[in-house]
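# Structural features, examined
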Amino acid sequence: MQITASDPAFPEDAESFCRQTGNVLLASDDKAGICTLRIRKGNGAGQAAAPCGTAGGTNKNIIVFSGDLDKAIAAFIIANASAAMGRKVTMFFTFWGLNVLRKPNKVRVAKDFISKMFGKMMPRGSEKLGLSRMNMFGMGPKLIRSVMKNKNIDSLEQMIALARQNGVELDACSMSMDVMGIKKEELLDGVKMVGAATMLANAEVSDMSLFI
Amino acid sequence: MQITASDPAFPEDAESFCRQTGNVLLASDDKAGICTLRIRKGNGAGQAAAPCGTAGGTNKNIIVFSGDLDKAIAAFIIANASAAMGRKVTMFFTFWGLNVLRKPNKVRVAKDFISKMFGKMMPRGSEKLGLSRMNMFGMGPKLIRSVMKNKNIDSLEQMIALARQNGVELDACSMSMDVMGIKKEELLDGVKMVGAATMLANAEVSDMSLFI
Amino acid sequence: MQITASDPAFPEDAESFCRQTGNVLLASDDKAGICTLRIRKGNGAGQAAAPCGTAGGTNKNIIVFSGDLDKAIAAFIIANASAAMGRKVTMFFTFWGLNVLRKPNKVRVAKDFISKMFGKMMPRGSEKLGLSRMNMFGMGPKLIRSVMKNKNIDSLEQMIALARQNGVELDACSMSMDVMGIKKEELLDGVKMVGAATMLANAEVSDMSLFI
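Residues numbered from 1 in each chain as written. Chains lettered and ligands numbered in written order. Predicted model: local features only at pLDDT ≥ 70, side-chain atom pairs only at ≥ 80, totals over all residues. Heavy atoms only, no water.

For the pair chain A and chain B, the relating rotation is 120°, the translation along its axis is 0.0 Å, and the fit reaches an RMSD of 0.1 Å. With respect to symmetry, the two chain copies, as superposed, fit the operation of a three-fold axis. Little of the interface of chain A is mirrored in chain B: 14% of its interface residues are interface residues there too. (Least-squares fit on C-alpha atoms with pLDDT ≥ 70 in both. Contact = heavy atoms within 4.5 Å.)

Before going further, it helps to spend a moment on the interface of chain A and chain B. Facing the 37 residues of chain A at the interface are 40 residues of chain B. Roughly 3,300 Å² of surface becomes buried between chain A and chain B when both sides are summed, with 71% attributable to carbon and sulfur atoms. When the area that chain A buries against chain B is broken down by residue, the three leading residues are W96(A), E204(A) and F211(A), summing to 22%. The interface formed by chain A and chain B holds 5 salt bridges in total. The interface formed by chain A and chain B holds 10 residue pairs in polar contact (both at pLDDT 80 or more) in total. For the side of chain A that touches chain B, the secondary structure elements donating two or more residues are α3 (113–121), α6 (174–180), β7 (192–194), α7 (196–204) and β8 (206–211) of chain A. At 8 residues, α7(A) tops the list of elements feeding residues into the side of chain A that touches chain B. A per-class count over the side of chain A that touches chain B returns 24 nonpolar, 8 polar and 5 charged. (Buried area = accessible area lost by both parts, 1.4 Å probe. Salt bridge = Lys/Arg side-chain N within 4 Å of Asp/Glu carboxyl O. Polar contact = N/O pair within 3.5 Å; in protein donor to acceptor, adjacent residues only side chain to side chain. Helix = DSSP H or I, 4+ residues; strand = E, 2+ residues; numbered from the N terminus. Nonpolar A, V, L, I, M, F, W, Y, C, P; charged D, E, K, R; others polar.)

Mapping chain A onto chain C is achieved by rotating through 120° and translating by 0.0 Å along the same axis, at an RMSD of 0.1 Å. Little of the interface of chain A is mirrored in chain C: 12% of its interface residues are interface residues there too.

All right, on to the packing of aromatic side chains then. As enumerated under the stated definition, the model contains 9 aromatic pairs over all chains in all. Grouped by ring-pair contacts, the aromatic residues F65(A), F95(A) and F211(A) constitute a single cluster. (Phe/Tyr/Trp six-rings, centres within 6.5 Å; stacked < 30°, edge-to-face > 60°.)

Let us look at the packing of helix α7 (residues 196–204) of chain B against helix α2 (residues 69–84) of chain C. Contact geometry of α7(B) with α2(C) gives a least axis separation of 9 Å together with a crossing angle of 75°. With respect to α2(C), the element α7(B) is oriented roughly perpendicular. Packed against α7(B), whose contacting residues are A196(B), M199(B) and L200(B), the element α2(C) presents I77(C), I78(C), A81(C) and S82(C) at the interface. Looking at side-chain class alone, the contact of α7(B) with α2(C) contains 6 nonpolar, 1 polar and no charged residues. (Axes fitted to C-alpha atoms, helices over the stretch in contact; angles between N-to-C directions. Parallel < 35°, antiparallel > 145°, perpendicular 65-115°, else oblique.)

This is the structure we're talking about:
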């Protein structure tokens, strides 16, 4: 398989990718900013190499506590890169992170006064998220989104869709939902409601757990 | 053992819990929002199953850098859920996280001017912590605490007490204490003063380290 | 080898350090606030003990997302303490964390308008970073730096230099550089440009990954 790319970090990444997934990087060439790589699938011994890493599992476990656009983007870039390496990824959305999973349109559900107020004050879905810094009353997120688009980088919404296509599991913390008065119907379809015990069980078969 | 619960995430969590702790979930039933589970202690083979997970240890290591109420709650929920699974948990409080461990009342200790100033400006103990967002000059924390109380969820102070009862180790970063001018007498009794090397040693026998 | 120290957390740390690195703590004594320790290099069996920890590796992987002074200090303290234990450490600077690696002086590179604007609005290098809280329009960082100096604690700049001397690898996220319009020439010399796949490959041979 031959690949060409204009990203200067690509050869390093491809080498890492091959080392961890049991493929063989045959040759790497960098001419005038264009890298060419040749990769043989499998490790030549007729079977995938056992991945390096911790013995208990190579899954990835990502706790998304933050509801900031920049942190959500970081979380999904890591999740999608892990899935591309063939790893099982579980994301556990808790506290403000639940806002990332909210459907953009209002869903009619019965709520008490405080839950309604929370629902109004917090961003409804990924498109409404602010930045952790340089938010500038909403100009920052628009600017970052426009720059990412110009650089042909997926939007957060495309990243979420890709994650779901690639089998990344999206879990919502049931206790946070209870506290913030968010109902299952208000979250993206297919999101599972789980508790901390499930997140911890996922952590125990993962070699990386992040709190974002 | 038979358990009933009204939390929709409960069966998923119970299944995860049993899988990781060597107990057997015999049956799970969900009727009209009430889940009934039957669990056999031990794995039926007369001994607890070896826990899945990384080879080096199933301890949990939590670095609490933040002094925000919401992040402290998240940290203690994870710590207590880990302890409930029979895992050893160490929490390392550093920088602003030290404020979580401060005694609520003023303790008379000799301090230089800057340390006194720091001591006054930073929240004295868990009850004074603010939120990482929607703090609204202190209304946010009051609101969250009141909602949690109405939902029968433990307060942060109850979570801390529970953690200590269950053997969660609370460590304070000695260097941060030195920089912020916080003395041992000002922290909750029984908190150990340690450095980064001890935190790292704990990390090396843990399958999950979080920076919160 | 005999060591004396005035830090009350030192015996605990030395014990942890010896346990994880295969050295033997022979005796520890604490008199009037001065601790004396005697350590035998190696474990007496003529070879270093296999380190406890996860099977897949004892490397440390630190993702620096934040561009706050306090979080950068925490990241480098952990990195340097890990390196002192003989562990390989990789730091992956992404998003605002890239600012930590910027050269303090302006570097002449061709940039589009938005990249120039980003470059001006974000702190240029470690000396310009603000605090995550109590920043007080730049007074906070000055205060913390002055306190650290008085307590004989290394400055962030000294910590970065020490990390490089001790072989800590500093990686910059190529995608973040692209989005923020930061060029390789603007980062400290020797920093590598890599992508998320390389960070993940490092995570898979580490027993601790942190998102800071």
